[in-house]
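One-letter residues, chain by chain:
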Amino acid sequence: MDDLKTSEAWRIFRIQAELIDGIETLNDLGPAVSVFGGARFGEESPYYVAARETATLLCKQNLAVITGGGPGIMEAASRGCFEAGGTSVGLNIILPREQHPNHFQNRSITFRYFFIRKLMFVRYALAYVIFPGGFGTMDEFFESLTLIQTKKIRQFPIVLFGTSYWQGLLDWIRAEMLPHGCITVGDLDLFHLVDTPEAAAAIIGCYMEQCRQFQGDQRRTSI
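One structure accompanies this document, and this report is about it. (Residues numbered from 1 in each chain as written. Predicted model: local features only at pLDDT ≥ 70, side-chain atom pairs only at ≥ 80, totals over all residues. Heavy atoms only, no water.)

1. Concerning the overall build of the protein chain
Next, step 1: Helix and strand counts for the protein chain stand at seven helices and seven strands.
Next, step 2: When the elements of the protein chain are put in sequence order from the N terminus, they spell out α-β-α-β-α-β-β-α-β-α-β-α-β-α.
Next, step 3: For 223 residues, the compact-globule estimate of 2.2 N^0.38 gives 17 Å, and the C-alpha radius of gyration of the protein chain, at 18 Å, lies within 12% of that figure.
Next, step 4: C-alpha extents for the protein chain along the principal axes are approximately 55 × 45 × 40 Å.
Next, step 5: Counting every position in the protein chain, which comprises 223 residues, the buried fraction comes to 48%.
Next, step 6: Restricting the contact set of the protein chain to residue pairs at least 6 apart, pairs at least 24 apart contribute 73%.
Next, step 7: Looking at the protein chain as shown, the accessible area adds up to about 11,400 Å², and 56% of this sits on carbon and sulfur atoms.
Next, step 8: Across the protein chain, the centroid of the 20 positively charged side chains sits 5 Å from that of the 24 negatively charged ones. (Helix = DSSP H or I, 4+ residues; strand = E, 2+ residues; numbered from the N terminus. Rg over C-alpha atoms; globule rule 2.2 N^0.38 Å. Buried < 20%, exposed > 50% of the residue type's maximum accessible area, 1.4 Å probe, protein only. Contact = heavy atoms within 4.5 Å. Areas by Shrake-Rupley, 256 points an atom, 1.4 Å probe, with all protein chains shown as cover. Lys, Arg positive; Asp, Glu negative; His and termini not counted. Charge placed at Lys NZ, Arg CZ, Asp CG, Glu CD.)

Here's what the structure looks like:
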């Protein structure tokens, strides 16, 4: 029992170390967009191609790109930013399978704890672009909606890419959540649905222009 107590106590220090490492690595990053999507999409996938193009367009707006640092959509977005000469940030995670760092990262951090990694995604981003993916991608989507809905963070663009992928989920939200009063009509305006990299970049560019009209750093959240 004493050994278990010691182990739990040291875990707190590991958590603190990851928080400090993340903050010190990203604190001077500047405006950035977090891009999410599944790890299982290869280069031949239209979503891979679109994520790469989207990241390139974001880079041309002087935005850094933050990804999970792994393969698939994460690699595509990292690659698009890296090849365009931008700052590509990889927030890697230690997993038993699937996750291995891609080669298109200017800044790279490896996390043990998901919750600290997720904090960095939202803390240093002024927008999310969410491509098709699995449970992890859905987690990021709904967590961002929850944080904005509950006003824990400022409202920023959440851009879903791919109507054919997302439409079934959005139809279910409108058909089930809304009639039961679990969400309001206004909550449906918390995200955008697009089908081209240009449309995704335009939404974020418009938001950046709005931010310039206000004083202070609109990128930073209350987290």
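There is more to say after this.
2. Some details on the pattern of salt bridges
Next, step 1: For the structure on display, the rule yields seven salt bridges.
Next, step 2: The shortest N-O distance in the salt bridge between Asp 28 and Arg 107 comes to 2.9 Å. Within this pair, whereas Asp 28 is found in the loop between helix H1 (2-26) and strand E1 (32-36), its partner Arg 107 is found in strand E4 (residues 107-111), the two being separated by 79 residues in sequence.
Next, step 3: A salt bridge links Arg 212 to Glu 209; its shortest N-O distance comes to 3.0 Å. Linking Arg 212 with Glu 209, this pair stays in helix H7 (residues 197-212), spanning three residues, or about one helical turn.
Next, step 4: On the accessibility criterion, Glu 209 (41% relative accessible area) is partly exposed.
Next, step 5: In the salt-bridge network here, residues are joined through shared partners; they are Glu 43, Arg 52, Arg 79 and Glu 83. (Salt bridge = Lys/Arg side-chain N within 4 Å of Asp/Glu carboxyl O.)

3. Points about the packing of helix H2 (residues 46-60) against helix H3 (residues 73-83)
When two helices pack together, their arrangement is given by the angle between their axes and by how far apart the axes lie.
Next, step 1: In the contact formed by H2 and H3, the axes pass within 7 Å of each other and the chain directions differ by 35 degrees. Of the two possible hands of crossing, H2 and H3 adopt the one that is right-handed. Counting all contacts with H2, which are made through Tyr 47, Tyr 48, Ala 51, Arg 52, Ala 55, Thr 56 and Cys 59, the residues of H3 involved are Ile 73, Glu 75, Ala 76, Ala 77, Arg 79, Gly 80, Cys 81 and Glu 83.
Next, step 2: Split by residue class, the contact of H2 with H3 holds nine nonpolar, two polar and four charged. (Axes fitted to C-alpha atoms, helices over the stretch in contact; angles between N-to-C directions. Left-handed = near helix turned anticlockwise from the far one by under 90°. Nonpolar A, V, L, I, M, F, W, Y, C, P; charged D, E, K, R; others polar.)

4. Thoughts on the pairing of strand E5 (residues 127-130)
Next, step 1: Residues Ala 127 and Val 129 of E5 are buried on one face, and the alternating residues Tyr 128 and Ile 130, pointing to the opposite face, are buried as well.
Next, step 2: Here four bridges tie E1 to E5, and the two strands are oriented parallel to one another. Counterpart to Ser 34 in the pairing with E5 is Tyr 128.
Next, step 3: Pairing geometry for E5 and strand E6 (residues 158-161), over three bridges, is parallel. (Pairing = 2+ DSSP bridges.)

5. Some words on helix H4 (residues 114-123)
Next, step 1: Burial runs high along H4: seven of the ten residues are buried.
Next, step 2: The complete set of buried residues in H4 reads Ile 116, Arg 117, Lys 118, Met 120, Phe 121, Val 122 and Arg 123.

6. Structural notes on the pairing of E1
Next, step 1: Among the five residues in E1, five count as buried, and that is most of the element.
Next, step 2: Side chains of E1 alternate between two faces, with Ala 32, Ser 34 and Phe 36 and Val 33 and Val 35 buried alike.
Next, step 3: Pairing geometry for E1 and strand E2 (residues 64-67), over three bridges, is parallel. Opposite Ser 34, over in E2, you have Ile 66 as the bridge partner.

7. A look at the environment of Arg 117
Next, step 1: Here Arg 117 lies in helix H4.
Next, step 2: In this structure, the C-alpha to C-alpha distance between Arg 117 and Asn 92, residues 25 residues apart in sequence, is 8.0 Å.

8. Some remarks on the sheet that holds E5
Next, step 1: The sheet built from seven strands is open, its strands ordered E4-E3-E2-E1-E5-E6-E7 with parallel pairing. The open sheet has two free edges, formed respectively by E4 and strand E7 (192-194), since each of these has just one partner strand. The mean inter-strand angle of the sheet, taken between neighbouring strand axes irrespective of direction, is 20 degrees.
Next, step 2: Pairing geometry for E6 and E7, over three bridges, is parallel. Within the sheet, the bridge partner assigned to Leu 160 lies in E7 and is Leu 193.
Next, step 3: Most of the contacts of helix H5 (residues 135-149) go to E6, to which it runs at about 150 degrees, and overall it touches E1, E5 and E6.

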